Amino acid sequence: MSLPAPPKSAAAGPPRVRSATEALTPLIESTYTTPDITTYINGRRTIISNPNPHWTLLDYIRAQPNLKGTKLGCGEGGCGACTVVLQVPDIQSEKRRIKHLSVNACLFPLVGIDGKHVITVEGIGNVGRPHPLQERIAKLHGSQCGFCTPGIVMSLYAVVRNAYNPETKKFHLSAREIEMEGHLDGNLCRCTGYKPILQAAKTFVTEDLRGQLAEEDEPTTADAKNFEKDFIDLTQNGCAGRSKVSCGRPGGCCRDSPSDSSSAKSNSADSKSDASSPPTEPTLASDDEHIPTIVDAKEEPQPDPAISGAEYAKPLKSKEHGVAGETKTTTSAPEAPAASPEKGVPRIEFLEYVPDTELIFPSALWKYEPQALCYGNEKKIWFRPTKLEQLVELKDAYPSAKLVGGASEVQVEVRFKHSDFAVSVYISDIAELKQTKLPMEAELETAKELIVAANTPLTELEQICKQVYKKLGKRAMVLEALRKQLRYFAGRQIRNVASLAGNIVTASPISDANPVLVAAGATLEAINKNDGSIDLPMSKFFVAYRTTTLPPDAALHRIRIPLAPEGSREVLKAYKQAKRKDDDIAIVTAAFRVRLDANDLVEDISIVYGGMAPMTKESPKTQSALLGKPWFHSVTLDAALTALLEDYNLPYSVPGGMADYRKTLTLSLFFRFWHDSAAEFGLGNVDEQVIDEIHREISSGARDDYNPYEQRVVGKQVAHMSALKQCTGEAEYIDDMPRLDRELFGGLVMSTKAHAKILSIDWEPALKMPGVVGYIDRKSIPADVNIWGSIKKDEPFFAEDKVLSHGQVIGMVYADSALEAQAAARVVKVEYEVLPPILTIDEAIAAQSYFPHGKFLRKGLAIDDEMADAFAQCDRIFEGVSRLGGQEHFYLETNAALSIPSGEDGAIEVWSSTQNTMETQEFVSSVLGVPSNRVNARVKRMGGGFGGKESRSVPFAVYTAIAARKEKRPVRIMLNRDEDMLLSGQRHPFQARWKVGVSNEGKLLALEADVYNNGGFSQDMSGAVMDRCLTHFDNSYECPNVFLRGHVCRTNIHSNTAYRGFGAPQGMYFSETIMYNIAEGLGMDVDELRWKNLYKIGEHTPFFQKIDEDWHVPMLLQQLNKSSDYENRKAAVKDFNSKNRWRKRGICLVPCKFGLSFATALHLNQAGAYVKIYHDGSVLLHHGGTEMGQGLYTKMCQIAAQELGTPLDAIYTQDSQTYQIANASPTAASSGSDLNGMAIKNACDQINERLKPFREKLGKDAPLKALAHAAYIDRVNLAANGFWKMPKVGYAWGDTNLETVKPMYYYWTQGACCSEVELDLLTGDHTVLRSDIMMDVGNSINPAIDYGQIEGAFIQGQGLFTMEETLWARSGQLFTRGPGTYKIPGFSDIPQIFNASMLRYDNEGKPLSWNHLRSVQSSKGIGEPPLFLGSTVFFALREAVKAAREMNGKSVGGGDDGWALDSPATCERLRLGVGDGLVERARTVRNEGEANFLVAVA
Ligand SMILES: Cc1cc2nc3c(=O)[nH]c(=O)nc-3n(C[C@H](O)[C@H](O)[C@H](O)COP(=O)(O)OP(=O)(O)OC[C@H]3O[C@@H](n4cnc5c(N)ncnc54)[C@H](O)[C@@H]3O)c2cc1C
Ligand code: FES
Ligand code: FES
């Protein structure tokens, strides 16, 4: 055990001149005793001896082969995929109690786990013995791709564990606690739409706490009741359509009689379950931590024989007999589905939660005495002092030592600014810094200030603020203001460890805490060796951008926060506005304090803003303008608003952008405070609505959760087959695969310029870096193969003499570890000659910069170029330009690949997180110069794809393959989040310049548009995306004369690509925007306009596809209108708006029709499958589809099980690979189930035919095992290759002949959605009050999975149309490169009430049949279609803004002042759209040539 020497490279820092070696060596020798971290991981004692000092906790965890469950999603604390739980003593408690802290392992310093118990997802359960939380999330469909799941499990685990109170011996939990207290605000999920996760978490309330509430006043009771009530009726007849039976939802259904509720059952049983026992042996618990069983275990769930029962090793008389009666014996013709209300109700049983089987705090840690520890190497050294004087000595010896508290700033700097901090000091284990002691009660009553230990974790501080405010009331308003800011400060995992000191010393201009502290007049107490304690007033602390008066050799010790003097008339409040309410940094944040004298005149005032200057700033002009003025007087308000604009006169091009919005917010937040404070002072009548900020309630909603058409296996609500593995962390993604012998890792060299000539590349410095083995670039492969592309091969793998986009790959360094490779890639020197970039569609149009496309849709008079005549027939013509921004896929697993060369024949195995095995194989074979039969491209699962891995995954596989071939060693790569966002392209931004003509009655007569998308620097699939946009431009409306022209813009942004919907959402968005513009122009109700123009059966689309008998949009609109109570709510919204000045609501009901097939890429509409039955009856299934969370493997196994008459668990799919299925189409276009399902059916048909004689001989009920065995003995081939190609489709562009034209799409998946929103007119914040979505999915193969797709797609669409905004710097650098700058919806953005249902009956209540559909099991593809319906939130918001504009006397729609709401409807656009006096006042003058700081490229 030897202590390290200080890094020689660490230079002396001012004000001292000694080197690190001189300064620190004596200290190390005198004070520091160990280089070992002593910790417990999942109950096991672990000593980490002198670890890599560059490692975070996540780096350490993921280096352990058995701990791959914890994921890397972003590395910046913004996604929660890396969440683990620290079990630590609760130092605030006087008893010996423990608490559980969720933390971001990606930021948490490894040194910080000394003396703590780290619990990872593996520690709480496994597939054999899952934790109830893991089991419930899996069973309730809360995991799709699963990459976010371990992190979410761990955040919830902390909630559940903390809910137990050993003093009362009771378990306290409420739905409010789960959902409303910010426990999940640091976790993102891109797949599920969150609802099922919340429902799974709430089962701990509804199941485990039923009737056993902790305390009388515990809100649990009410919440549990709400939760019950929340499952509101979806349709006229109860919660599940016309069924009178229970929908079977956990916790009970509104139709359950008390006797049949599962929870009633649970309480009646008396055996105790051991199911939640931890897999690791716990060490002895202290008595305090003995947790008694609080609920009785319930009966063991009975397995569903359709699902399980394939007991291969057992004699043939197995459970299979029970199901064989339903097995088809002769052919695989689908069982005729009959609608039956008794069928299809899922019954879900849960393991009991038994707290006393949980992992306990290791007794050895109670006794553990933390040592002053120190470890490192020649580059970096870590210190962990345990006493304040040790820290003071260290800072004195070496002032440049970087102090690290929660590391939420420091680690982000390390990761993104590559600051190395050669000497780092972890200070969060120093009791004097981390422990805030509250004064005794009596002292508190008279206290003049609260003294906070500088590194008190923010969640603790939040509690302290709450406690003191409760005690002191208005005197402690400052603490309530601070608590409010902290509630919406970062994510829970960060708040659990981050500190005020960290926030203050960082001196960020958008800090949330600093304005409150400055306004309150707080004083900082710093400490150093020379001066001892130093007082630093906050008002003078910030001197410039990220610069403070803290002496370099000092540490912050305490913060003194003054409380208002007893009897004073003082109000202090704080406000924050961000792009997303949860876990987002502020756009503008503010704190205001005003004290009035006895005459209501301003005696003292402090007005402090963040986000308006390079540092937190007081407002001198405004403050002096208000001193001595009567506070609640309109003249005073006016003076304040005028002075504020002088204090904050931002120019149009201000860094950070949004000048108008930020200025408007400055006024709006003050305006709110002025009212708020007047109400607090009791001065006159104050409009409450100005004061109230937008808030949400606990979410609720129903799935129409049963399936009357359920068959033996198909149609059942089977959980995703990997869900449990995903919940326990056992599901393996590419980067989780075990390290291979001599494996190398790639680090990409990427362009820092958007458009430039490459003058030189010097990679020599990289080769000298530690661990580096080699470098590849374009010269590593023949020139003619440095090219790829899905449709057109126009993109080089490695940049040649020019770079065309920021981030374009120039080369790749490979090294022994990923960190080494990435560090080395950064030192490759590239010299550029910068060229002007084209970024936006407008710039591309001006420069005529297009890719060849040239596809048109012409209908009616357009065919003969007579659109002028068509418009001449119209009574009214409207024109406009509409825009829709792009969207980052933000799958949680970034692109990853692993190439493993074979020693023989040039063969190679290439694992890739790809939706497209065939293209991966094709290009690896091309660059390596081997035939395709030497390349096995494989993928087991992806952590999300959404189209982003359809083509853009290919280069990463290729890079690893080139390096693997060169070195004859395996090479792996996994992109960092920022790299992935730069490289993988996005949804295409679109712009439409449209013209529409209608009759006075609102009948569409002519439509013409030039439609542009921003393709980026290469074509990828941009042309096909444009085609789908044009073919969805009609949405559901008939127009006799149509001329649509598509243009694909060539720009210098990343190459945009496929994204769920593939242009269709953009097309339908334009369609609905046009409908609103027409309605506004005609003064007609938009719903009436829609009805007038809805397609009727027999009519034709602009590409002459006939609307056939499958046309259900009118029915969907009618049924949803009724079930959502649309008409009444629409009237109520109008009424609300007429009565409310500062809040407006909007509601809409929008249809959608989505075409299924690979459109005109006819060759892709095919699929293959390979079914092998082993002689024990087990079935190995391969097909060309890939699993990205959408449940394809599950559905495909269901189809095979159904067709072969065997239980579901007899079917196994290992992965998708080109050695099993040749020429597989990408899994895309929502067609994965259709294509692969039919191919599987074809293979099963062949096998069933061969098994026919054996079924006749052994009986129709004979299990597959018996049949397979008999067939094998009789030498019958039990393997079959299935194939299917989609019939009927084959549209040829330009074919306008109704006789010859073939359909573009096989069928339409249809839907409708109603959303209602509420908008805060002062800030632009909004909440979705309710959404009801109804989809026509045909006969669903698995409704549970389809609901998951519907809800997940809707939320993704909601993000697209509201908060997700991609921005570039003017020089072409992508600005939104991670969860910090790019916001996707989080847990608290989902609709407060969210109901999803499927179309099952006609309007007369007769069951619908989809027998005319020739799709597999008459089902419909569902992955993409519901996404567009997220736009209902946009259109409802548009209605709300419109109501506000009407109130403010402004035009709406295509009015005179040209107002139009483009997508996304960000809070900025919404606020500026209101058009009130504050916006007008704040408007910035744009000087000649001035440009916005950031650019949106639509
Ligand atoms: C995803 C994410 C979201 C965030 N959201 C928000 C937000 O909503 N609002 C907001 O205001 N901030 C936010 N932040 C910023 C950051 O979390 C806060 O500033 C936090 O308070 C930093 O505390 P820390 O203990 O983690 O600091 P650290 O990262 O440990 O340290 C930050 C700086 O403070 C110094 N320091 C720490 N303690 C002391 C001390 N006792 N004496 C002297 N110097 C010290 C360190 O040397 C370092 O320079 C966010 C950060 C992330 C990564
Ligand atoms: S990986 Fe840690 S928060 Fe995203
Ligand atoms: S399941 Fe949450 S990100 Fe995929």
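Residues numbered from 1 in each chain as written. Chains lettered and ligands numbered in written order. Predicted model: local features only at pLDDT ≥ 70, side-chain atom pairs only at ≥ 80, totals over all residues. Heavy atoms only, no water.

- Under an unreviewed UniProt entry, the name given to the protein chain is xanthine dehydrogenase, and the organism recorded is Clathrospora elynae.
- The UniProt entry for the protein chain carries this comment under Sequence similarities (unreviewed entry): "Belongs to the xanthine dehydrogenase family." (UniProt positions renumbered as here; feature names shortened; annotations may be inferred.)

Overview of the site of ligand 1
Moving on, step 1. Close to ligand 1 lie 33 residues, the nearest being Leu-403, Gly-405, Ser-408, Ser-499 and Asp-512.
Moving on, step 2. Contact distances for ligand 1 include 2.6 Å between an oxygen atom and a backbone N or O atom of Gly-405.
Moving on, step 3. A total of 980 Å² of accessible area belongs to ligand 1 in isolation, and the protein chains cover 93% of it.
Moving on, step 4. Secondary-structure elements contributing two or more residues to the shell around ligand 1 are strand E10 (402-404), helix H13 (410-417), helix H19 (500-506) and strand E17 (555-562). (Near = heavy atom within 4 Å. Polar contact = N/O pair within 3.5 Å; in protein donor to acceptor, adjacent residues only side chain to side chain. Areas by Shrake-Rupley, 256 points an atom, 1.4 Å probe, with all protein chains shown as cover. Helix = DSSP H or I, 4+ residues; strand = E, 2+ residues; numbered from the N terminus.)

A closer look at the sheet that holds strand E31 (residues 896-901)
Moving on, step 1. Strand order in the open sheet made by the eight strands is E24-E26-E22-E34-E31-E32-E33-E42, with mixed pairing throughout. Among the strands making up the open sheet, the edge pair consists of strand E24 (772-777) and strand E42 (1216-1217).
Moving on, step 2. Across two bridges, the pairing between strand E22 (residues 744-750) and strand E34 (residues 971-974) is parallel. Each residue of the ladder has a partner; that of Leu-744, found in E34, is Val-971.
Moving on, step 3. Each of strand E32 (908-912), strand E33 (935-939) and E42 is contacted by helix H30 (residues 917-928), which is oriented at about 145° to E33, the strand it contacts most. (Pairing = 2+ DSSP bridges. Contact = heavy atoms within 4.5 Å. Axes fitted to C-alpha atoms, helices over the stretch in contact; angles between N-to-C directions.)

Let's talk about the pattern of salt bridges
Moving on, step 1. Throughout the structure, instances matching the rule amount to 87 salt bridges.
Moving on, step 2. The salt bridge involving Arg-558 is made with Glu-525; its shortest N-O contact spans 2.9 Å. Residue Arg-558 is found in strand E17, and its partner Glu-525 is found in strand E13 (residues 523-528); the two are separated by 33 residues along the sequence.
Moving on, step 3. Exposure remark for Arg-558: the relative accessible area of 29% places this residue in the partly exposed category.
Moving on, step 4. For the salt bridge of Glu-893 with Lys-949, the shortest nitrogen-to-oxygen distance reads 3.2 Å. On the criterion of sequence distance, the pair formed by Glu-893 in the loop between strand E30 (876-884) and E31 and Lys-949 in the loop between E33 and helix H31 (954-967) is long-range, its members being 56 residues apart. Grouping residues by exposure puts Glu-893 and Lys-949 together as buried. (Salt bridge = Lys/Arg side-chain N within 4 Å of Asp/Glu carboxyl O. Buried < 20%, exposed > 50% of the residue type's maximum accessible area, 1.4 Å probe, protein only.)

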